[in-house]
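For reference, the chains in residue letters:
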Amino acid sequence: MLPSSDSASSTSIVGRERESRSLRQYLDRSLDGHGSLVLVSGEAGIGKTTLIRNLAEQAADIGCLVLAGGCYDVTTTPPYGPWSEIISRYPLDDELPPIPNQLRAAGGMTGIDSQAALFELAGRFLALLAARRPLVLQLEDLHWADQASLDLLRYLSRTLAGAPILCLATYRDDDVVRGHPLPAMLQTLVREGHVQRLQLQRLDRHAVRTLVLQRYRLASADEDRLVDYLMRLAAGNPFFTNELLLTLDAQRLLRPAAGGWVLGDLSQTGVPALVQQVIDGRLSRLKPVTRDLLECAAVIGFEAPLDLIRQLNKGPISGLDDAFQEAQERHLFLTQPGHPSIHFQHALVRQAIYAASPPLRRQSLHRRLAESLSDRQGVDPEIVADHFYAAGDERALEWLVRMAERAASVFAPQSVTTACDRALNLADGIGIPAPLIVYRLRGQARASTGDFDGALSDHEQLLVLARRSNNRYAEWQALMDLGALWASRNYERTRDYCQQAVDLAREMDDASALGHSLNRLGNWQVNAEQPVDALRHHNEALDIFETTADPEGLASTLDLRAATHLLSGNFYQASRDYGRAIPLLRLLDDRQTLSSSLNNAAMSLWGDLGYRAIRHGIVPASLAIDTGQLVADSLEIAREIEWRAGESHASTSVGILAVARGSLRVGIRQLLDGLAIARQIQHRQWTIVAHFRLGAACTELLLREQAREHLEQGAQIATASVSSFFETSVAGALASLYVQMGDYEQAERLIRGRVEIDRPPDMISSRVCWFAASELALAQCRLQAAMTLVDTLIESIPPGPGDLSPHLARLRGEILLACGRLDEAELQLAGARDTAERLDFPLISWRILATQRRLHLAQDRVDEANRIGDTAREIVSDLANELDDERLRTIFVTHAHELLSDPSEPSSESHPVLGDSGLTVREVEVLRYVATGMTDIEVSDRLFISPRTVSQHLRSIYSKLDVNNRTAAVHIAVERDLI
């Protein structure tokens, strides 16, 4: 007894689940004595054979006899060809009835008086055979079958309904042409009702993705790229899809790697060999005029306008129409009513036809096509460039430059690079110099995507070639580009190129070039902490562009002058300049500068530059609420134009603003994203800013070890980049952190020479150091010095509307409290709290509340102090819930509660050293865990610090206890009752 289909496992074929279920149902019905003929159709490579063979394997597994025969295009299929093959493969089995001698006659089914007698004999034999074992017949490629074979199939289809016989037949609907016997036979079978039809469609995108997922474990971006490639070329055809994958594998463009697979450059692959053979076979059966037509269409592209085909094909119109008819009947391309073009069934079909065309004919067709298109109005330069390039014609250089310029205008740097690469390859191949603009365009595109070395090579090459050809303007452009490029790495190199550009512009007597050069030099000067000189040069440039009525120069100057005001801490003037620059930049569609301006405008309106220690500014409270939208727009534009440096900077701005407003989860993620991008493209300036802002966030959250790691890394990079602005800024930030950690000696070292009481600060960077100096003086109880420092800092702030920064107001309030000037402290802290709450900055709000609590305790207002303390703890709890890392959450809450504890109780922050041992609280904690046998890594996990920091603590412990190993240190600590 045969098992039922429920007990038989069905092999799953990707994208063919519905069809597989249908075939299994037909098999189950045949097992019950209700046989049928199923015709499976579809284009070449669609998976017909795979589908029916899969079912045949299932049938064999449950005891069915499977017999197969096919038709072939290699030679002419003989009469009854597929049936003869079935007979030749009949098994030698004593349990099966023997084949009648008439059917075994040499040469196939011969020796019978009439076709009717032959058909009757074949029918009786199959019925007898099926009575012994259920039967599955497999007939493949009926589009090559002869008339006699189809007639026998029609006869047998009438007898299947009452026998356990399932007949599966396949044919290609794209190879059935007029005059073939199959179409008429199909109509007859359908009309007589003796056939089931199953037409296979191409796989959809989901099925192709499933296929990829089953075979390869790729990164998400590579997976998307591979699926796009397969869908574009194979268009869901399983055979073509599989051959493409095999080709990628063979060419090592798709290869295994640690933990998965990696995908290479897909532009490097060609048409798979088997696909080429299949298509070549189909083309060989076409008329010469049809092949010529297809070659012309393949040169034009996947979609070919009919008028272009007629221009390229020199044959008579009547012959061309016949060729169209034959190609359409062969399903090589499609046309749609009302559409003046054709398109190929598959991109691989077009590629195979193109590859088979003689090279010289291809070049000639490309040249004629390019010449025809170049005379048309509004033609896409990329299309003309492609055809001239394929023809090896030097006219391609002009069109490739147009193509690159257009790509640059729509902020598509990869397309710019591609066009320029092709231009340089062509120029080298035909032995002529490439236009100088090619080097500049590619250099700028490479710079925007973070390819520093590639951009440097292009700009330096341009400089050499421009000087060699005495092209002064191209030389000036190269100097400007090199100055801008080096600003991300080394400000000393930037200064040299900027000064050369200014000198050359004056020699050229070119007002526009001079204005832009002055702007570039001024931007360097403000980063070198020379704001007065920077503004002088920006103002000179502004006069030039206002006189010449140059909107581009005006927008650029306003943007750069605003940046100088911003870094000088003059937020009011910066906001005014950005307010003028941004509308101009929108009008000019200068999206890269617009992205930068929006970001910096947000920082100027915020007045905090995203860092807690820059607390000296004027915050226009009425405008600061909109800063979130400004930085969000900046980030969106940077991503749209693929400007990686801008994306990094905007990401950290979005992040630090989110942190300040209490959205720690979002903010920290954005900060880390910005840092990752900056590292990836090796942009030193934005790497410093990312570390700077992450250090700021960690400092506000009292995550001192994490803050120190970020700020120390930022300091190292700032020193290497020779940027005094960033060096000073990070030094001040670290000094503030060291004050918080109780390491006053380190804080003093960092601000020494950077804070001179007779030289008030004139830059944000120096104000950061003054802020740290005020904190240090307060911590050391040098109250008069602290008050002098903070008041001088406040007086140095340029005038403008708005409230004093809540950070700076809180610090002054703490100093007043320490001086015993309680009424003044209360007024100062109330103003700070009001501003912080209006700006929705909970990260500073709770710190202000902590100071107010101590003030009220000093005033014996205990109930009010407790109420304020409760409010502060609620804010701390809300902020802690925004931290996903439980360890960091614990550190923040612990240190926050220390600051909110009774000031009369000792804390690790106010008393960092224990007894006469000289060990700090943190060093004793490290030693306590070391005594239990923990490694540096285990101690770092327990204390939420890095292993490197644990090692530093141990070195300090050894020095203070005068020992040289862990065991000795633990022994002394136990003796002195430290642990």
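Residues numbered from 1 in each chain as written. Predicted model: local features only at pLDDT ≥ 70, side-chain atom pairs only at ≥ 80, totals over all residues. Heavy atoms only, no water.

Novice: Please give an account of the pairing of strand E10 (residues 341-344) that cites residues and values.
Specialist: One ladder, built from three bridges, connects strand E8 (residues 303-305) with E10; its direction is antiparallel. Paired with Pro305 across the bridge in E10 is Ser341. Note that strand E9 (residues 333-335) and E10 share three bridges and pair antiparallel. Considered in E10, the bridge of Phe333 is made with Phe344. (Pairing = 2+ DSSP bridges. Helix = DSSP H or I, 4+ residues; strand = E, 2+ residues; numbered from the N terminus.)

Novice: So what's going on with the sheet that holds E8? Which residues, and what values?
Specialist: One open sheet holds the three strands; their spatial order is E8-E10-E9, and the pairing between them is antiparallel. Each of the sheet's edge strands pairs with one partner strand only, and the pair in question is E8 and E9. Adjacent strand axes in the sheet meet at a mean angle of 25° when their direction is disregarded. (Axes fitted to C-alpha atoms, helices over the stretch in contact; angles between N-to-C directions.)

Novice: Describe in detail the pattern of salt bridges, supporting the description with residues and values.
Specialist: Going through the model one piece at a time under the given rule, you end up with 51 salt bridges. Its salt-bridge partner being Asp224, residue Arg209 comes within 3.0 Å of it at the nearest N-O pair. Taken together, the residues Arg209 in helix H8 (residues 205-215) and Asp224 in helix H9 (residues 220-234) connect sequence positions 15 residues apart. According to the relative accessible area criterion, Asp224 is partly exposed, its value standing at 31%. A salt bridge links Glu540 to Arg506, with the shortest nitrogen-to-oxygen separation between them at 3.6 Å. With Glu540 in helix H25 (residues 531-547) and Arg506 in helix H23 (residues 491-508), this residue pair connects regions lying 34 residues apart in the sequence. Look at Glu540 and you get partly exposed, because its relative accessible area is 29%. Arg506 gets classed as partly exposed once you look at its relative accessible area, which sits at 46%. What you see here is one network of salt bridges that share partners, running through Asp421, Arg442, Arg446, Asp451 and Asp458. (Salt bridge = Lys/Arg side-chain N within 4 Å of Asp/Glu carboxyl O. Buried < 20%, exposed > 50% of the residue type's maximum accessible area, 1.4 Å probe, protein only.)

Novice: Could you give an account of the packing of helix H6 (residues 147-157) against helix H7 (residues 181-192), naming the residues involved and the relevant values?
Specialist: Interaxial distance between H6 and H7 falls to 10 Å at its minimum, and their mutual angle equals 5°. The angle between H6 and H7 places the two elements in the roughly parallel class. Contact with H6, carried on its side by Gln147, Leu150, Asp151, Arg154 and Ser157, involves Pro181, Leu182, Met185, Thr188, Leu189 and Glu192 of H7 and no other residues of that element. Residue composition of the contact of H6 with H7, by class: five nonpolar, three polar and three charged. (Parallel < 35°, antiparallel > 145°, perpendicular 65-115°, else oblique. Contact = heavy atoms within 4.5 Å. Nonpolar A, V, L, I, M, F, W, Y, C, P; charged D, E, K, R; others polar.)

Novice: Tell me about helix H37 (residues 764-779), residues and numbers included.
Specialist: End to end, H37 covers 23 Å across 16 residues, agreeing with the expected 22 Å (1.5 Å per residue, within 8%). By the criterion of burial, H37 is predominantly enclosed, with 15 of the 16 residues buried. (Expected span 1.5 Å × (residues − 1).)

Novice: So what about unusual backbone geometry? Which residues, and what values?
Specialist: If a residue is not glycine, its phi is most likely negative; likewise, a peptide bond is most likely trans. Notably, Gln682 is not glycine yet its phi reads approximately 55°, a positive angle. Its location among the elements puts Gln682 in the loop between helix H32 (664-680) and helix H33 (684-700). Residue class for Gln682 comes out partly exposed when judged on its relative accessible area of 47%.

Novice: Outline the layout of surface pockets, supporting the account with residue identities and numerical values.
Specialist: The volume enclosed by the second largest pocket comes to roughly 1,200 Å³. Put simply, the parts of the chain that give the lining of the second largest pocket at least two residues each are H9, E8, helix H15 (347-356), helix H16 (359-374) and helix H17 (381-390). With six residues, the single largest contributor to the lining of the second largest pocket is H15. Split by residue class, the lining of the second largest pocket holds 17 nonpolar, seven polar and seven charged. (1 Å grid on protein atoms, 1.4 Å probe; cavity = no way out; pocket = protein on both sides within 12 Å on 5 of 7 lines; lining within 4 Å. Points joined across faces, edges and corners; volume = space filled by probe spheres on them.)

Novice: Explain the nonpolar core to me, using residue names and the numbers behind them.
Specialist: Grouped together as the largest cluster of nonpolar side chains are 227 residues, with contacts concentrated most on Leu226, Leu294, Trp846 and Phe892. Sequence-distant contacts of Leu226, defined by excluding residues within four places in its chain, comprise Val212, Leu218, Leu245, Leu248, Leu254, Leu263 and Leu266. Formed by 43 residues, the second largest nonpolar core is a distinct cluster that contains Leu65, Tyr80, Leu118 and Leu150. (Core = buried A, V, L, I, M, F, W, Y, C linked by side-chain atoms within 4.5 Å.)

Novice: Kindly report on the sheet that holds strand E5 (residues 196-199), identifying the contributing residues and their values.
Specialist: In space, the five strands of this open sheet follow the order E2-E3-E4-E1-E5, with parallel pairing throughout. The sheet is open, and its two edges are formed by strand E2 (65-70) and E5, each paired on a single side. Adjacent strand axes in the sheet meet at a mean angle of 15°, parallel and antiparallel pairs treated alike. In terms of strand pairing, strand E1 (residues 36-42) meets E5 through four bridges, oriented parallel. Looking across to E5, one finds that Leu39 is bridged to Arg197. Contacts between H7 and the sheet are confined to E1, strand E4 (165-172) and E5, with E1 contributing the most and set at about 135° to the helix.

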